[in-house]
Every structure is written in structure tokens, then in C-alpha cells.
Amino acid sequence: EEPTVIAYSFLGWSASNSASNLWNFATGVMPEKNMTLYTVWSLDYTVTPVDGGVALSGYTGGRNPVLVPEEVDGLAVVSIAEGTFPDTGVTLQGNKGSVTHAFAEQTGMTFVPLTYTVTFVSNGGTPAPAQPLCATDPVEEPAVYRSGYTFSGWYTDAALTTPWDFAASRMSAS
């Protein structure tokens, strides 16, 4: 199975970390020494530095839907140029309220928000159903019960040191 990375296309494996020397699994012969193979990627966009981050243009990938990155190499994607996607019939995916969401609305392209799952571990209490949510959505506090115990709240870590504030906290995009 080929590896995947958002905004990049997998080109192959290389012993030299170079796209000019991709390993051919059908004809390649194992050398008489240890060997390391590296993934070789091609960026699916033209990336232009702009104030506050980067702008995307010139999409060359072939996926549908297209999962548009919110950052490239640690820099925030702050704009997407008109005409970036040659096929305006593709579906764009990203977080609600993102640059991708705004771009899809402006261009009339189909947008599907990414969803993430909140899983609750009730530590011996009654089960609480998982919640599929979009980034920035509020998490609904589930009611749980365990005989002989007083419920003291939900936490974001197994050590129960970081409480979750249902009134103020929102689902993150990770």
C-alpha cells in the first residue's frame, strides 16, 4: 500500500532520497550491504510565500475529494488562487471556517468539512457514545453513572490532570 501525506503525491522509494533514482522493486537487486529506502514525494501545489504564510495555486494531484492542507512545511495556507483546481467538479475537504471552506464558497465548489471523533472512557461507568464532530464544534457532555462513585468530570488525559471545559473548549483539528 502506498503511503499518503496531505498535499503531496507519492512518487516511489529511493535509496538516495532522490526522485531521479527511484527503486524498481521488479528489477532491483539487494546489494551486499544494509540498505535504506526513502519515500519520495511531489508537492501537489505551487506554493508562493505571502504575508502571514503561503498561497496555493496550480494543483496537479489527481485525488477526489481533495484534502487541502492548512499549512505547508509549517507555514499557514492563507489563500488559494482562483483557477488552482483545473477540475472545478472536485470536492474540497478541510476544516469548517478554513481558507479552503471560504474558497469553496466563493467559487461554488463542493466542500465537505473534516470530522474528528471524541471518544469517552468512562473508567467503569456506563458507556458514553463517541461523538463525530467538526473542528471548532462544541462537545456535548455525556451523562454517565457508576454505582458507589461520584462523578467528578471529564479529562483530556489518562492521568486525569487536565479537565475538559464543555462550556468553553472546542474540538481541535488534530
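Please refer to the structure higher up on the page.
Cut-offs used in this document
- Residues numbered from 1 in each chain as written.
- Predicted model: local features only at pLDDT ≥ 70, side-chain atom pairs only at ≥ 80, totals over all residues.
- Heavy atoms only, no water.
- Salt bridge = Lys/Arg side-chain N within 4 Å of Asp/Glu carboxyl O.
- Helix = DSSP H or I, 4+ residues; strand = E, 2+ residues; numbered from the N terminus.
- Buried < 20%, exposed > 50% of the residue type's maximum accessible area, 1.4 Å probe, protein only.
- Core = buried A, V, L, I, M, F, W, Y, C linked by side-chain atoms within 4.5 Å.
- Contact = heavy atoms within 4.5 Å.
- 1 Å grid on protein atoms, 1.4 Å probe; cavity = no way out; pocket = protein on both sides within 12 Å on 5 of 7 lines; lining within 4 Å.
- Points joined across faces, edges and corners; volume = space filled by probe spheres on them.
- Nonpolar A, V, L, I, M, F, W, Y, C, P; charged D, E, K, R; others polar.

Enquirer: I'd like to hear about the pattern of salt bridges, residue by residue, with values.
Expert: Side chains bearing opposite charge may pair, as long as their charged atoms lie close to each other. A complete count under the given rule lists 2 salt bridges for this structure. Lys96 is the salt-bridge partner of Asp137, the closest N and O atoms lying 2.5 Å from each other. Within this pair, whereas Asp137 is found in the segment after strand E11 (131-134), its partner Lys96 is found in the loop between strand E8 (91-94) and helix H1 (99-107), the two being separated by 41 residues in sequence. Looking at Asp137, the relative accessible area reads 14%, which means it is buried.

Enquirer: Could you give an account of the nonpolar core, with specific residues and numbers?
Expert: Tyr45, Val66, Val68, Phe85, Leu92 and Met109 are the most contacted members of the largest nonpolar core, which totals 18 residues. Taken together, the elements giving at least two residues each to this core come down to strand E4 (53-57), strand E7 (75-80) and H1. Excluding its chain neighbours within four sequence positions, the residues that come into contact with Val66 are Tyr45, Tyr59, Phe85, Val90, Thr91, Leu92 and Gln93. Formed by 11 residues, the second largest nonpolar core is a distinct cluster that contains Phe120, Ala128, Ala135 and Phe166.

Enquirer: Which residues make up the layout of surface pockets, and what values do they have?
Expert: The space that makes up the largest pocket amounts to roughly 700 Å³. Lining the largest pocket we find 27 residues, and of these Val121, Gly153, Trp154, Tyr155 and Leu160 sit closest to its centre. Of the residues that constitute the lining of the largest pocket, the class distribution is 15 nonpolar, 10 polar and 2 charged. Empty space within the second largest pocket amounts to approximately 180 Å³. Lining the second largest pocket, in full, are Ile6, Tyr8, Leu67, Val68, Pro69, Glu70, Glu71, Val72, Asp73, Gly94, Asn95 and Leu114. Of the residues belonging to the lining of the second largest pocket, the class tally is 7 nonpolar, 2 polar and 3 charged.

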